[in-house]
Every structure is written in structure tokens, then in C-alpha cells.
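Letter by letter, the chains look like this.
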Amino acid sequence: MSRIYNFSAGPACLPEAVLQQAQQEMTDWQGCGMSVMEMSHRGKEFMSIAAQAEADLRELMAIPDNYKVLFLQGGASAQFSNVPVNLLRGKKSADYIYTGQWSKKAIAEAKRFCDVNVAASAEASNFSVLPAQSEWCGDVPLVADLSSTILSRPIDVSKFGVIYAGAQKNIGPAGLTVVIVRDDLIGETVPGMPVLCDYKIMADNDSMYNTPPTYGWYLAGLVFAWLKKNGGLSAMAEVNERKANKLYAAIDDSDFYANPIDLNCRSWMNVPFTLANAELDATFLSEAKAAGLVTLKGHRSVGGMRASIYNAMPEAGVDALISFMADFEKRQG
Ligand SMILES: Cc1ncc(COP(=O)(O)O)c(C=O)c1O
């Protein structure tokens, strides 16, 4: 069977070339006679895989030397608590921007450790626009949950204190979480916290204080190498912008599909849209599936559709979705 276009928000599709390489290396990694899954994380083979992955990520994102790169477990959600635990450093409050369901969870978790000041909120607009005027952003480290955005375009890492991302969207398989943290921010956790929350301990042990998610780390490394081979993040940004613009244009130009998000707040990675008649949702999904376009159902809190179009979604997949949408509208609209 040929591969279908999977628009899942995560776990999301991976580059086919990466999957093929992983398949080739599955039982015997580069002549060592075993799978990466079976290797000791402290053996020289895995150490070389781990180091190469980190070096490639540093190169791709131009991560300055004063940042640690951690390969952790626990998902992005674990960072909802790890961030305050590591960054409060004796302070009693933190500013948050409330942009939707994930920041809601991050805020709830932070409230366990400090006072939370919601410095800007998109709630009043039902999360379709973030007020430009925010009191937020004093001389404090900026923290970003880039689970969807990471690697989709160049970003200036030096503007951030911490960047974190669950791997299952734009990095690799679920089970790995990448944390990029400025090294002066670590080393003083909230007293009494579990050792596995401590970025400094993880950094001092090269993310191997305990057994790391070795296979996810390896696959992430293959994705980083694939990104480098395909021109790096500027090249990705060009394709991603084109993919997103054409999908938004298809939605905006029709009376049948709608996307309520303010133009300045739209994501290149996750494109939600609704049908004029929600009763057609199920038919849309089943016909899309029959056309090889899957996992388009919107988040359960929002309904409608969502197409996640990360790096690994080929432009041809977006084109196929757009023609399917036009055809569906012609027949049902
Ligand atoms: C922005 C953001 N943060 C956090 C999460 C949760 O990630 P995890 O399941 O890795 O904890 C997601 C998952 O979709 C996400 O999109």
C-alpha cells in the first residue's frame, strides 16, 4: 500500500526517507549487529548517535554555546512544571500568555509553584486574536512552548531563556522532548523537587542521568540530518509558508469553509477550519479518508477540521487536500 497523507497534529507524519533509513537500519545499525533500540545508551555507538543529533540540531537552529540542549522524556507537558521549578529561582511570580488549551494547562501547573500573572490573553476573542497591547515582557527570561513551530522556520534562540517541544510533531516520534535552556538559568530548583525535574542535573549528565529515550533520539537525529540535506530551516520556512498560504487562501476564498483566526495569529503548522454545515463533518472526514487524506478531525474542544502540515507533510499532500476540499464543496456546498 502506498503511503497516505496524514494530517495528524501529533504523533504526526515523519519524512518517508527517514522511515526508510530507519527500516534499513532496524536490525543492524551500521554493521554493529544490533538495533539502536538494543544498544546501551553509554556504548560508543549510541553516544555517537546522540552527539551527532545534538550537533545537527545546534547547527540547524544556530543554538549559541551558552545554551544546553536536553533530550528528555515526559512530553511538553512535563515542562509545564519543569519550567517554573527551574526558573523561579527564589522569585514568587511569573507572567504567562494565555493563548489556548496548552497555555491553560501550563498556567494551571505554574500555579502550583507561584503566583501567575496572565499578562495577555486571547480568551475574549475565543482564541482567534492575541491582543497586541500586553504588559508582558519585562527583563525576564522568555519561555516558549514551540512544540508545533520548532524547526519549521529559523528563530533567534538567543531571545529565549527556554524553548521546549514535544517531539511528536516536527522532530520525531512521541516519547522524546527537546529542551533548549540558557545555562545561567539552571542550577537552583524549587526545594524538594524530584531530581528528574532538574535541568542542571540533566545537563551535567548529557541527558543520561537515567536511561534516555534512545530510539526517539536516534530518529530525531535522522530527521535533523534530513532537514540539513533539504536546505535547513530557511528552505523549510519557504515551503511551509507556501503550503500554509495556499491552504488558508483556499479556505478564505470559499463561502463553504471558514477559519476565524486573525491573519497575524495564524499558524503555518496547524490550520483549523470549519464547514458551513457541521452536519457534513462526518461525510467530509469519511470521503477525505477514502481519498487518502486522514486525521483531519479538529481538536475535541473546537470541532470542525484541523490540518497539521508540519515539515514532513509534502506540498503535494496540501495540494491534494485543497483539491479534495474544492471538489467536496462543489458536490455538497
Ligand atoms: C503547544 C503544545 N504544548 C504541549 C502539548 C502536549 O505535549 P505532550 O503530549 O508531549 O505533553 C502539545 C500537544 O499537542 C502542544 O501542541
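What counts, and at which threshold
Residues numbered from 1 in each chain as written. Predicted model: local features only at pLDDT ≥ 70, side-chain atom pairs only at ≥ 80, totals over all residues. Heavy atoms only, no water. Helix = DSSP H or I, 4+ residues; strand = E, 2+ residues; numbered from the N terminus. Rg over C-alpha atoms; globule rule 2.2 N^0.38 Å. Buried < 20%, exposed > 50% of the residue type's maximum accessible area, 1.4 Å probe, protein only. Contact = heavy atoms within 4.5 Å. Areas by Shrake-Rupley, 256 points an atom, 1.4 Å probe, with all protein chains shown as cover. Lys, Arg positive; Asp, Glu negative; His and termini not counted. Charge placed at Lys NZ, Arg CZ, Asp CG, Glu CD. Near = heavy atom within 4 Å. Polar contact = N/O pair within 3.5 Å; in protein donor to acceptor, adjacent residues only side chain to side chain. Salt bridge = Lys/Arg side-chain N within 4 Å of Asp/Glu carboxyl O. Domains from an automatic or database assignment. Buried area = accessible area lost by both parts, 1.4 Å probe. Nonpolar A, V, L, I, M, F, W, Y, C, P; charged D, E, K, R; others polar. Pairing = 2+ DSSP bridges. Axes fitted to C-alpha atoms, helices over the stretch in contact; angles between N-to-C directions.

1. So, the overall build of the chain
So, step 1. If you tally the helices and strands in the chain, you get nine helices and eleven strands.
So, step 2. Computed over C-alpha atoms, the radius of gyration of the chain comes to 21 Å, within 12% of the 20 Å expected from 2.2 N^0.38 for 333 residues, which places it in the range of a compact globule.
So, step 3. Principal axes of the C-alpha set define a box for the chain whose edges measure 60 × 55 × 30 Å.
So, step 4. Within the chain, buried positions represent 46% of all 333 residues.
So, step 5. Within the chain, residue pairs in contact and separated by at least 24 positions form 63% of the contacts whose partners lie at least 6 positions apart.
So, step 6. Of the roughly 16,400 Å² of accessible surface on the chain, a fraction of 51% belongs to carbon and sulfur atoms.
So, step 7. The centroid of the 29 positive side-chain charges in the chain is displaced by 3 Å from the centroid of its 36 negative side-chain charges.

2. Concerning the side chain of Arg58
So, step 1. Here Arg58 is to be found in helix α2 (residues 44-61).
So, step 2. Contact partners of Arg58, with chain neighbours within four places excluded, come to Ile63, Pro64, Asp65, Tyr67, Lys68 and Val69.

3. Quick word on the site of the ligand
So, step 1. Gly75, Ala76, Ser77, Phe80, Trp102, Asp145, Ser147, Gln168 and Lys169 make up every residue found near the ligand.
So, step 2. In this structure, an oxygen atom belonging to the ligand sits 2.6 Å away from a side-chain N or O atom of Ser77.
So, step 3. At 3.0 Å from an oxygen atom of the ligand is found a side-chain nitrogen or oxygen belonging to Gln168.
So, step 4. Taking 400 Å² as the accessible area of the ligand by itself, protein coverage stands at 77%.
So, step 5. Among the elements that line the shell around the ligand, the one with the most residues is helix α3 (residues 75-87), at four residues.

4. Let's talk about the pattern of salt bridges
So, step 1. Summed over the entire model, instances satisfying the criterion amount to 14 salt bridges.
So, step 2. Residue Glu45 is joined to Lys44 by a salt bridge in which the shortest nitrogen-to-oxygen separation is 3.7 Å.
So, step 3. When salt bridges with common partners are traced through the structure, they connect Arg242, Lys246, Glu315 and Asp319 into a single cluster.

5. Considering the environment of Lys111
So, step 1. Mapped onto the fold, Lys111 is located in the loop between α4 (101-110) and β4 (115-121).
So, step 2. A relative accessible area of 54% means that Lys111 is categorised as exposed.
So, step 3. In this structure the C-alpha to C-alpha distance between Lys111 and Lys91, which are 20 residues apart in sequence, comes to 13 Å.

6. Digging into the environment of Asn126
So, step 1. Within the secondary structure, Asn126 is located in the loop between β4 and β5 (143-145).
So, step 2. The class of Asn126 is exposed, set by a relative accessible area of 63%.
So, step 3. For the pair formed by Asn126 and Asn230, sequence separation is 104 residues and the distance between their alpha carbons is 38 Å.

7. Observations concerning the domain arrangement of the chain
So, step 1. Domains assigned within the chain are domain 1 (17-229) and domain 2 (231-332).
So, step 2. Look at where the C-alpha atoms of domain 1 and domain 2 centre, and you get two points 27 Å apart.
So, step 3. Listed per partner, the contact involves 19 residues of domain 1 and 18 residues of domain 2.
So, step 4. Here domain 1 packs against domain 2, burying approximately 1,500 Å² in sum over the two surfaces, 58% of which is carbon and sulfur.
So, step 5. If you sort the residues of domain 1 by the area they bury against domain 2, Ser128, Ser152 and Arg153 come out on top, with a joint share of 29%.
So, step 6. Counting across the interface, domain 1 meets domain 2 through zero salt bridges.
So, step 7. Joining domain 1 to domain 2, the criterion identifies ten residue pairs in polar contact (both at pLDDT 80 or more).
So, step 8. Of all elements in the fold, only α2 and α6 (214-229) reach the threshold of two or more residues within the side of domain 1 that touches domain 2.
So, step 9. At four residues, the largest contribution of residues to the side of domain 1 that touches domain 2 is made by α6.
So, step 10. By residue class, the composition of the side of domain 1 that touches domain 2 is nine nonpolar, six polar and four charged.

8. Description of the sheet that holds strand β2 (residues 67-72)
So, step 1. The four strands are arranged β2-β7-β6-β5 in an open sheet whose pairing can be described as mixed. Edge positions in the open sheet fall to β2 and β5, since each of these has one partner strand only. Going across the sheet, the axis of each strand differs from the next one's by a mean of 10 degrees, ignoring polarity.
So, step 2. Contacting β2, β5, β6 (162-166) and β7 (177-182), α3 runs over the sheet at an angle of about 160 degrees to β6.

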